[in-house]
Amino acid sequence: MTEPIRVLVADDQPLLRGSFRVLIDTAPGLTAVGEAGTGAEAVEGAQRLHPDVVLMDIRMPGMDGIEATRHIARSPETADTHILILTTFDLDEYVYGALRAGAAGFLLKDTSPEVLLAGIRTVAAGESLLAPSVTRRLISEFARLPRAHPAPGSSLEDLTDREREVLLLVARGLSNTDIAEYLRLSHGTVKTHIGRLLSKLRARDRAQLVISAYESGLVTATEHS
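Conventions used here
Residues numbered from 1 in each chain as written. Predicted model: local features only at pLDDT ≥ 70, side-chain atom pairs only at ≥ 80, totals over all residues. Heavy atoms only, no water. Buried < 20%, exposed > 50% of the residue type's maximum accessible area, 1.4 Å probe, protein only. Helix = DSSP H or I, 4+ residues; strand = E, 2+ residues; numbered from the N terminus. Pairing = 2+ DSSP bridges. Polar contact = N/O pair within 3.5 Å; in protein donor to acceptor, adjacent residues only side chain to side chain. Axes fitted to C-alpha atoms, helices over the stretch in contact; angles between N-to-C directions. Contact = heavy atoms within 4.5 Å. Parallel < 35°, antiparallel > 145°, perpendicular 65-115°, else oblique. Left-handed = near helix turned anticlockwise from the far one by under 90°. Nonpolar A, V, L, I, M, F, W, Y, C, P; charged D, E, K, R; others polar. Arc of directions from axis to C-beta. Core = buried A, V, L, I, M, F, W, Y, C linked by side-chain atoms within 4.5 Å.

**Side note on the pairing of strand 3 (residues 53-57)**
Alright, step 1. Across the five residues of strand 3, five count as buried, placing the element largely inside the fold.
Alright, step 2. Here strand 3 shows a buried face lined by Val53, Leu55 and Asp57 and a second buried face lined by Val54 and Met56.
Alright, step 3. Here strand 1 (residues 5-10) pairs with strand 3 via four bridges, running parallel. Considered in strand 3, the bridge of Ala10 is made with Met56.
Alright, step 4. Alignment of strand 3 against strand 4 (residues 82-87), held across five bridges, turns out to be parallel. Residue Val53 lies in a different strand from strand 4, and its bridge partner there is His82.

**Details of the side chain of Asp57**
Alright, step 1. Position of Asp57 relative to the elements: it lies in strand 3.
Alright, step 2. Residue Asp57 is classed as buried on the basis of its relative accessible area of 4%.
Alright, step 3. Of the polar contacts made by the side chain of Asp57, one reaches the side chain of Lys109; its length is 3.1 Å.

**Re the sheet that holds strand 5 (residues 105-108)**
Alright, step 1. Taking strand neighbours across the sheet as the criterion, the five strands line up as 2-1-3-4-5 in an open arrangement whose pairing is parallel. Each end of this open sheet is capped by a strand with a single partner; those strands are strand 2 (30-36) and strand 5. If you compare each strand with its neighbour and ignore which way they point, the axes differ by 25 degrees on average.
Alright, step 2. Sitting on the sheet, helix 1 (residues 14-25) touches strand 1, strand 2, strand 3 and strand 4, and the angle it makes with strand 2 is about 160 degrees.

**Describing the packing of helix 8 (residues 176-183) against helix 9 (residues 187-200)**
Alright, step 1. At a minimum axis distance of 9 Å, the contact between helix 8 and helix 9 shows a crossing angle of 110 degrees. Classed by the angle they form, the pair helix 8 and helix 9 counts as roughly perpendicular. Crossing geometry of helix 8 relative to helix 9 is assigned as right-handed. Mapping the contact onto sequence places Asn176, Thr177, Ile179 and Ala180 in helix 8 and His187, Val190, Lys191 and Ile194 in helix 9.
Alright, step 2. Grouping the amino acids of the contact of helix 8 with helix 9 by side-chain chemistry returns four nonpolar, three polar and one charged.

**Points about helix 3 (residues 65-74)**
Alright, step 1. Every buried residue belonging to helix 3 is among Gly65, Ile66, Ala68, Thr69, Ile72 and Ala73, and all of these are buried. Taken down its axis, helix 3 places every buried residue within 160 degrees of arc, on the same side.
Alright, step 2. Of the residues that open helix 3, the one with a side-chain oxygen 3.2 Å from the backbone nitrogen of Ile66 is Asp64.

**Here we look at the environment of Ala203**
Alright, step 1. As for its placement among the helices and strands, Ala203 is situated in the loop between helix 9 and helix 10 (206-215).
Alright, step 2. Once the C-alpha coordinates of Ala203 and Gly102 are considered, the two residues, 101 residues apart in sequence, prove to be 8.9 Å apart.
Alright, step 3. Excluding residues within four positions of it along the chain, Ala203 makes contact with Leu198, Gln208 and Leu209.

**As for unusual backbone geometry**
Alright, step 1. Even without a glycine there, the phi angle at His50 is positive, about 50 degrees.
Alright, step 2. Within the element layout of this structure, His50 appears in the loop between helix 2 (39-49) and strand 3.
Alright, step 3. Even without a glycine there, the phi angle at Arg184 is positive, about 60 degrees.
Alright, step 4. Summarising the element assignment, Arg184 is placed in the loop between helix 8 and helix 9.

**Structural notes on the nonpolar core**
Soluble, globular proteins show a tendency: their nonpolar side chains are buried together.
Alright, step 1. Grouped together as the largest cluster of nonpolar side chains are 24 residues, with contacts concentrated most on Ala10, Val54, Met56, Ile72, Ile83 and Ile85.
Alright, step 2. At the level of elements, strand 1, helix 2, strand 3, helix 3, strand 4, helix 4 (95-101) and helix 10 are the ones that each hand at least two residues to this core.
Alright, step 3. Core analysis: the second largest hydrophobic core is formed by 21 residues, Leu169, Ile179, Leu209 and Ala213 among them.

**Comments concerning the environment of Leu129**
Alright, step 1. One can find Leu129 in the loop between helix 5 (113-124) and helix 6 (132-144).
Alright, step 2. For Leu129, a relative accessible area of 18% translates into the label buried.
Alright, step 3. Along the backbone, Leu129 and Gly105 are 24 residues apart, and their C-alpha atoms lie at a distance of 4.5 Å.

Structure below.
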């Protein structure tokens, strides 16, 4: 039997933390290993418990979820921990910052229990939770924000033409299966290209590939308007 996916729940509302914990503990293959009520507690808990996934709220007292995400994602001690951000419709301005900080994706707090559990499993497997509809919301945020300074490694100079093509499709929200069908490549070949993109762009995961595509100018928000 495989080990269960270990989840740390970080939210400043005790009732929500408890609800998430019960949901996780009753789901097959998942277990809640701890709770955190602040960003600082989330960072400490990640370092002490080494969870596979941190379910991270954005608005918490003191250190917020974005800063906590940045600490966890950039620390060698917690490099294998994946972060799933929880947000609400009126907090879209934080999505870009959360993904750039190292989050693997985000979900809305009013999502169904089934989608939440599936999201935890998705990010634990090393994938990013960026469905096309989520990517469109992110694109609209890029259109509103001034152009940020490119992230380290976001230059595309070392990419091949095929890698640029794959990156463009990733930024448009296509899955590996969709990309394979669109480019008429095998699924394994697409995975190889994704791996090379992650290495060349020094990206933590698929979400940061999307960030690199926009910050480098490969994709612009007007292409999706």
